[in-house]
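# Coordinate analysis (summary)
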Amino acid sequence: MSGAQRLRALKSFKALQARERLTLGEAYAESGYVLVHETGEAFSIKQLRRRAYRFMEALGLRRVRLYDARSSCLTYLANSGVPDHILARWAGHTNVKTTKKWCVKPDAEDLRDAATLWGGPHGAVPEQQVRADAPAVPALRATPGRGRSVAVLCAASR
């Protein structure tokens, strides 16, 4: 779907909601949400989840938890250069550290590049195997509570 098609769909949806608002008058609930019932009331998390899963099934997509899809979206935006304070706002967080800690996850390619760079200085990976577009990574240091990440990096380098 192109950007113009998405914009048309959103404008059409907004017009539908305006008609519903006019029809119901004061009975229409101004929830402030985009995805709402015909009465303007916000969907519950359970209702949103059910509808999303039906939508994924109808499109032939793999079923993904909405929370994971949210993290994937935030990770994509972070990897595309969106500033941390914008990511936090997008996620509804007041603290940037919360977003970075719980929502932005490295993908397999990030881990592979880091493992390759980690192994290179220790003689495990010849320099010609390092991807040309791999980002420069500063020296890694152990951080309390991050043992699992280090184990993943070490396992990925083998």
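Scroll up for the structure.
In what follows, the accompanying structure is described. Quantities reported herein were computed from a predicted structural model and do not represent experimental measurements. In this convention, every chain numbers its residues from 1, walking through the sequence in written order. In view of the model being predicted, local features appear only for residues whose pLDDT reaches at least 70, and side-chain atom pairs are presented and counted only at 80 or more, with totals across whole chains, interfaces and linings using the full set of residues. Hydrogen atoms and water are omitted, and side-chain values are computed over all heavy atoms in the structure.

### Brief notes about the overall build of the protein chain
For the purposes of this entry, the term helix denotes a DSSP run of H or I that reaches at least four residues, the term strand denotes a run of E that reaches at least two, and both are numbered from the N terminus. Secondary structure summary: the protein chain contains seven helices and zero strands in total. In the protein chain, the succession of helices and strands from N to C terminus is α-α-α-α-α-α-α. Taken over 158 residues, the protein chain has a buried fraction of 18%. The contact rule is simple, with two residues in contact once any of their heavy atoms fall within 4.5 Å. Sequence separation of at least 24 residues holds for 19% of the intrachain contacts in the protein chain that already meet a minimum separation of 6. Summary of the burial criterion: residues with accessible area below 20% of their type's maximum are buried, those above 50% are exposed, and those between are partly exposed, where the area comes from a 1.4 Å probe applied to protein chains only.

### Comments concerning a nonpolar patch on the surface
Each patch is built from residues lacking any salt bridge and having more than 30% relative accessible area; the joining distance is 9 Å for like charges and 5 Å for nonpolar side chains (Val, Leu, Ile, Met, Phe, Trp, Tyr). Only the protein chains shown count as cover for residues, and the accessible areas themselves come from Shrake-Rupley with a 1.4 Å probe. Throughout this description, the term salt bridge denotes a Lys or Arg side-chain nitrogen within 4 Å of a carboxyl oxygen of Asp or Glu. Together, F55, L59 and L61 give the surface a local cluster of nonpolar side chains, amounting to about 330 Å² of exposed area. For L59, the location among the structural elements is in the loop between α2 (45-58) and α3 (66-79).

### Things to note about the packing of aromatic side chains
A pair of Phe, Tyr and Trp rings is counted when the ring centres sit within 6.5 Å of each other, with Trp represented by its six-membered ring. The angle between the planes then sorts it: under 30 degrees is stacked, over 60 is edge-to-face, the rest tilted. As enumerated under the stated definition, the model contains zero aromatic pairs in all. Charge-over-ring placement is defined geometrically: NZ (Lys) or CZ (Arg) within 6 Å of the ring centre, and within 35 degrees of the ring normal. Lying over the aromatic face of Y53, R63 brings its terminal NZ or CZ to 3.7 Å of the ring centre.

### Brief notes about helix α4 (residues 84-91)
The periodicity of an α-helix, 3.6 residues per turn, causes residues three or four positions apart to be oriented the same way. Burial in α4 covers these residues: L87, A88 and A91. For α4, the angular spread of the buried residues around the axis is 100°, confining them to a single face. Opposite its buried face, α4 presents the exposed residues H85, R89 and W90, each directed more than 90 degrees away. Of the residues trailing α4, G92 is marked for its positive phi of about 85°. The directions considered for the arc are those from the helix axis to the C-beta atoms.

### Thoughts on α3
A helix is expected to span 1.5 Å multiplied by its residue count minus one. Under the 1.5 Å per step criterion, the end-to-end length of α3 is 20 Å for 14 residues, consistent within 8% with the ideal 20 Å. Here α3 has its buried residues at S71, L74, T75, L77 and A78. The buried residues of α3 occupy one face: seen down the axis, they fall within an arc of 165°. One or two residues past the end of α3 sits G81, with phi positive at roughly 95°.

### As for the nonpolar core
The criterion is simple. A nonpolar core is a set of buried Ala, Val, Leu, Ile, Met, Phe, Trp, Tyr and Cys residues joined through side-chain atoms within 4.5 Å. L74, L77, A78, L87, A91, C103 and V104 together form the largest nonpolar core, which totals seven residues. Elements represented by at least two residues in this core include exactly α3 and α4. If one sorts the elements of this core by residue count, α3 sits on top with three residues. Those residues in contact with A91, other than ones at most four positions away along the chain, are R70, L74 and T99.

### Examining the side chain of T99
Mapped onto the fold, T99 is located in helix α5 (residues 96-102). Given a relative accessible area of 1%, T99 falls into the buried group. With sequence-adjacent residues up to four places away left out, T99 is seen in contact with L87, A88, A91, H93 and V104.

### Here's the deal with the pattern of salt bridges
Using the criterion set out here, one finds three salt bridges in the structure. The shortest N-O distance in the salt bridge between E30 and R21 comes to 2.7 Å. Look at E30 and you get exposed, because its relative accessible area is 59%. Residue classification places R21 among the partly exposed residues on the basis of a relative accessible area of 33%. In this structure, the salt-bridge partner of D84 is K100, at a minimum N-O distance of 3.3 Å. Here D84 is found in helix α4, whereas its partner K100 is found in helix α5, with 16 residues between them in sequence. Overall, the relative accessible area of 33% leaves D84 in the partly exposed class.

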